[in-house]
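Chain residues, written in single-letter form:
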Amino acid sequence: QLQVAESGGGLVQPGGSLKLSCAASGDIFSHCAVGWYRQAPGKQRELVAAISSSGTMKYADSVKGRFTISRDNAKSMVYLQMNNLEPEDTSVYYCHAGLSFYSDWDFEFEYWGQGTQVTVSS
């Protein structure tokens, strides 16, 4: 089993930066792909950024060049550095961990955090 919890959200002005953290507890973290999702009211949840167990990264087109995902397996932590934030980035951000015995990106087991609010406003 794996537990994940997000932190680091808050209120920031457009053009500002935030760093989100996802803390994981469990022995399987290093084997998991980890992603950051966001879901704004009235919208579907979307993948923002993800990093595989081997360190391969992918990003939504809307955040490329602005957001960076990273992981520290020794600390069982995943981070999302968010730069040049825009009002459109306002959302609840969720940490997700996925485990598969067969695939890098299709999972047999999935774990979700409870979310952290990011608000970008002047």
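Residues numbered from 1 in each chain as written. Predicted model: local features only at pLDDT ≥ 70, side-chain atom pairs only at ≥ 80, totals over all residues. Heavy atoms only, no water.

K.L.:
Got a sec to walk through the packing of aromatic side chains? Specific residues and values, please.
P.N.:
Evaluation of the coordinates by the stated rule reveals two aromatic pairs. When the centroid spacing of 6.4 Å and the interplanar angle of 70° are considered together, the rings of Phe101 and Tyr102 count as edge-to-face. Across this residue pair, the class does not change: Phe101 and Tyr102 are exposed. Here the basic side chain of Lys19 rests over the ring of Tyr79, its NZ or CZ set 4.6 Å away from the ring centre. One Lys or Arg, Arg71, reaches over the ring of Phe29 and ends 4.7 Å from the middle of that ring. (Phe/Tyr/Trp six-rings, centres within 6.5 Å; stacked < 30°, edge-to-face > 60°. Buried < 20%, exposed > 50% of the residue type's maximum accessible area, 1.4 Å probe, protein only. Lys NZ or Arg CZ within 6 Å of the ring centre and 35° of its normal.)

K.L.:
Could you give me a rundown of the sheet that holds strand 7 (residues 67–72), with the residues and numbers involved?
P.N.:
Spatially, four strands are ordered 1-3-8-7 in an open sheet, and the strand pairing comes out antiparallel. Single-partner strands in this sheet number two, and they are strand 1 (3–7) and strand 7. Ignoring which end each strand starts from, the neighbouring axes of this sheet average 15° apart. The sheet contact formed by strand 3 (residues 18–25) and strand 8 (residues 77–82) spans six bridges and is antiparallel. The partner of Cys22 across the bridge, within strand 8, is Val78. (Pairing = 2+ DSSP bridges. Helix = DSSP H or I, 4+ residues; strand = E, 2+ residues; numbered from the N terminus. Axes fitted to C-alpha atoms, helices over the stretch in contact; angles between N-to-C directions.)

K.L.:
Hey, could you go over the state of the cysteines for me, with residue numbers and the actual values?
P.N.:
Considering all chains together, one arrives at one disulfide under this definition. Two residues, Cys22 and Cys95, share a disulfide whose sulfurs are 2.0 Å apart. Because the sign of the S-S torsion sets the handedness, a value of about -85° for the bond joining Cys22 and Cys95 places this disulfide among the left-handed ones. Residue Cys22 is found in strand 3, and its partner Cys95 is found in strand 9 (residues 91–99); the two are separated by 73 residues along the sequence. Neither Cys22 nor Cys95 differs from the other in exposure class; each is buried. Here Cys32 stays unpaired: no disulfide links it, and the sulfur of Cys95, its closest cysteine neighbor, is 9.9 Å away. Relative accessible area serves as the criterion here: at 0%, Cys32 is assigned to the buried category. (Disulfide = S-S within 2.5 Å.)

K.L.:
Please provide a residue-by-residue account of unusual backbone geometry, values included.
P.N.:
When glycine is set aside, most residues are seen to have a negative phi, and most peptide bonds are trans. Of note in the backbone geometry, Ser76 takes a positive phi value of approximately 55° without being a glycine. Topologically, Ser76 is positioned in the loop between strand 7 and strand 8. Its relative accessible area of 18% is what places Ser76 among the buried residues. One non-glycine residue, Asn84, lies in the positive phi region at around 50°. You can see Asn84 is positioned in the loop between strand 8 and strand 9. Since its relative accessible area comes to 44%, Asn84 is described here as partly exposed.

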